[in-house]
Amino acid sequence: MACMKLGSKADAFQKQGQAWFCTTGLPSDIVVEVEDMSFHLHKFPLLSRSGVMERLIADASEKGDTNCTINLKDIPGGAKTFELVAKFCYGVKHEITASNVVHLRCAAEHLEMTEQYGEDNLISQTEIFFNQVVLKSWKDSLKSLQMCGGENITPHAEELNITKRCIESLAVKASTDPNLFGWPMIDHGGPMQSPGGSLLWNGISTGARPINLSSDWWFDDVSSLNLPLYKRLTLAMEARGIKQEIIAGSLEHYAKKYLPGLSRRKSAQMGPAAIDPPPEEDQKILLEEIDRLLPMQKGLVSTKFLFGLLRTALILRASPPCVSNLEKRIGMQLDQATLEDLLMPNFSYSMETFSGGGGGGSSSTWRKKFGFKFKSQMCSAQEGSVTKQDNASGKVEKERGKEQKHKKNLSWE
């Protein structure tokens, strides 16, 4: 992961319990409280870099507080991020990475760390790293976008367009043939390439060509995002013109990762590696969102997958429109279904949990024993026609029986 090294001084910060101390040889003249951590620092390095700290320190001085204590309640990123901010103010060595740049950028904005309070201040440093390093890398863009999903950072990241910029960066890269530009191989530790596309060894072209990547190379990466971010990224990719079958493939991959009900046999789970399942209500929300995002087109996903969604929707008691949409999708490609696909769970037997295997996960309702039935609404047209034919055949046979009986009676006479 790429990083930007800042500061030149040796680390003079020491942690003792729930407190940080700056051991510069001068006694501390200010205590900054962030969450359950206290920072025993010095006024000048802070007020010389931050407009907010300058005002808070001035207010405390006007009140005549001998022991200057400032409480920063709402700083993005909390105590861990403020530790890095304090080190920046003191010029202590530290690194900006894709994992912390979002929190640092938001904290710098919150504390008004602009060029007015010193050249190369934290806002400008984080912006340079974000634009010139993070957004040019698939892996770093993804990591920063994951950081945007934190509960206390999301509104700040939205306000600064950090989330939007990460999503656009990923959407552009996913919609471009990676074999043309040598990523994501470089991001994932693969070999470097020359502008002509040949592999490089110690900077020298070998003439060998890289292995072509399939269109699903990014599926597993984006499945690490929470649902709101994944949805926004999916819509951005769709707007970029990514083929619908690729979007559908990503949705299927994401659903299989977080909906354990899609696998009837837990021991033979398909798709991504098994994880602790989300709560039942979250599974239902996810399933309904997958239905809304999935294009209504025949053949984009397998019939088996659609039946799996329908089974899970029935068990989770998804909304009627969701169930109806899934039935319509199945009806469009019912000719591809197998007998096993057509079996639906009957809600009349004892229950078992979705999470399976011991513990921890939230409960949902699988059935320990399945009573199976055909889903009548999907096959209503076929069943209706068969019933009419049976009724008509029955009437014909009945009339023939009456006629034969009548002829038999006449012959006896």
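Not measured: the values here are computed from a predicted model.

Thresholds, definitions, all that
Residues numbered from 1 in each chain as written. Predicted model: local features only at pLDDT ≥ 70, side-chain atom pairs only at ≥ 80, totals over all residues. Heavy atoms only, no water. Helix = DSSP H or I, 4+ residues; strand = E, 2+ residues; numbered from the N terminus. Polar contact = N/O pair within 3.5 Å; in protein donor to acceptor, adjacent residues only side chain to side chain. Contact = heavy atoms within 4.5 Å. pLDDT = per-residue confidence, 0-100. Buried < 20%, exposed > 50% of the residue type's maximum accessible area, 1.4 Å probe, protein only. Core = buried A, V, L, I, M, F, W, Y, C linked by side-chain atoms within 4.5 Å. Axes fitted to C-alpha atoms, helices over the stretch in contact; angles between N-to-C directions. Parallel < 35°, antiparallel > 145°, perpendicular 65-115°, else oblique. Left-handed = near helix turned anticlockwise from the far one by under 90°. Nonpolar A, V, L, I, M, F, W, Y, C, P; charged D, E, K, R; others polar. Pairing = 2+ DSSP bridges.

Draft legend 1. Summary view of the side chain of asparagine 100. One can find asparagine 100 in the loop between β7 (94-97) and α4 (101-110). A distance of 3.2 Å separates the side chain of asparagine 100 from the backbone oxygen of glutamate 95, its partner in a polar contact. The residues contacting asparagine 100, other than those within four sequence positions of it, are Leu84 and Glu95.

Draft legend 2. Geometry of the confidence of the model for the protein chain. Residues at a pLDDT of 70 or more form 71% of the protein chain, whose mean pLDDT is 79. Low pLDDT, under 50, characterises residues 407-413; the predicted model gives this stretch zero contacts beyond four residues in sequence or across chains.

Draft legend 3. Highlighting helix α6 (residues 138-147). The complete set of buried residues in α6 reads Trp138, Asp140, Ser141, Leu142, Ser144 and Leu145. Against the buried residues of α6 lie α4, α5 (122-132), α8 (162-174), α10 (219-222) and α11 (227-239).

Draft legend 4. Fine view of unusual backbone geometry. The backbone of glutamate 35 sits at a positive phi, close to 55°, despite the residue not being glycine. As for its position among the elements, glutamate 35 is in the loop between β4 (30-34) and β5 (37-41). Positive phi, close to 55°, is recorded for arginine 317, a residue that is not glycine. Here arginine 317 is to be found in the loop between α14 (303-316) and α15 (320-332). Since its relative accessible area comes to 55%, arginine 317 is described here as exposed.

Draft legend 5. Just the nonpolar core, in detail. Grouped together as the largest cluster of nonpolar side chains are 102 residues, with contacts concentrated most on Val32, Leu41, Phe82 and Met237. If we skip the residues at most four places from it in the chain, valine 32 touches Met37, Ser38, Phe39, Leu41, Leu46, Met53, Ile70, Leu72 and Phe82.

Draft legend 6. Region of the structure containing the packing of helix α13 (residues 280-293) against α15. Packing of α13 against α15 brings their axes to within 10 Å, and their N-to-C directions diverge by 50°. The orientation of α13 with respect to α15, classified from their angle, is oblique. For the pair α13 and α15, the sense of crossing is left-handed. Along its contact with α13, which presents Leu287, Glu288 and Asp291, the element α15 presents Cys322, Asn325, Leu326 and Arg329. Split by residue class, the contact of α13 with α15 holds three nonpolar, one polar and three charged.

Draft legend 7. Local environment of α5. Taken as a whole, α5 has its buried residues at Leu122, Ile123, Gln125, Thr126, Glu127, Phe129 and Phe130. Check the buried side of α5 and you find it contacts β1 (3-6), α3 (78-90), β7, α4, α6 and α8.

Draft legend 8. Spotlight on the sheet that holds β4. With mixed pairing, five strands are arranged side by side in an open sheet as β2-β3-β5-β4-β6. Sheet topology places β2 (13-16) and β6 (69-71) at the edges, where each strand pairs with a single neighbour. Adjacent strand axes in the sheet meet at a mean angle of 20°, parallel and antiparallel pairs treated alike. When β2 meets strand β3 (residues 19-22), the two strands line up antiparallel, connected through four bridges. Bridged to lysine 15 within β3 is tryptophan 20. Taken strand by strand, α3 contacts β2, β3, β4 and β5, and its axis lies near 10° from that of β5.

Draft legend 9. Expanded view of the environment of methionine 237. Topologically, methionine 237 is positioned in helix α11. Between the C-alpha atom of methionine 237 and that of alanine 174, which follows or precedes it by 63 residues, the distance is 7.3 Å. When sequence neighbours within four positions are dropped, the list of residues in contact with methionine 237 reads Trp138, Leu170, Ala171, Ala174, Trp218, Val222, Ile242 and Ile247.

Draft legend 10. Layout of the environment of arginine 165. Assignment of secondary structure puts arginine 165 in helix α8. Separated by 34 residues in the primary sequence, arginine 165 and asparagine 131 place their C-alpha atoms 9.1 Å from one another. Setting aside residues up to four positions removed in sequence, arginine 165 forms contacts with Glu127, Phe130, Asn131, Leu135 and Leu160.

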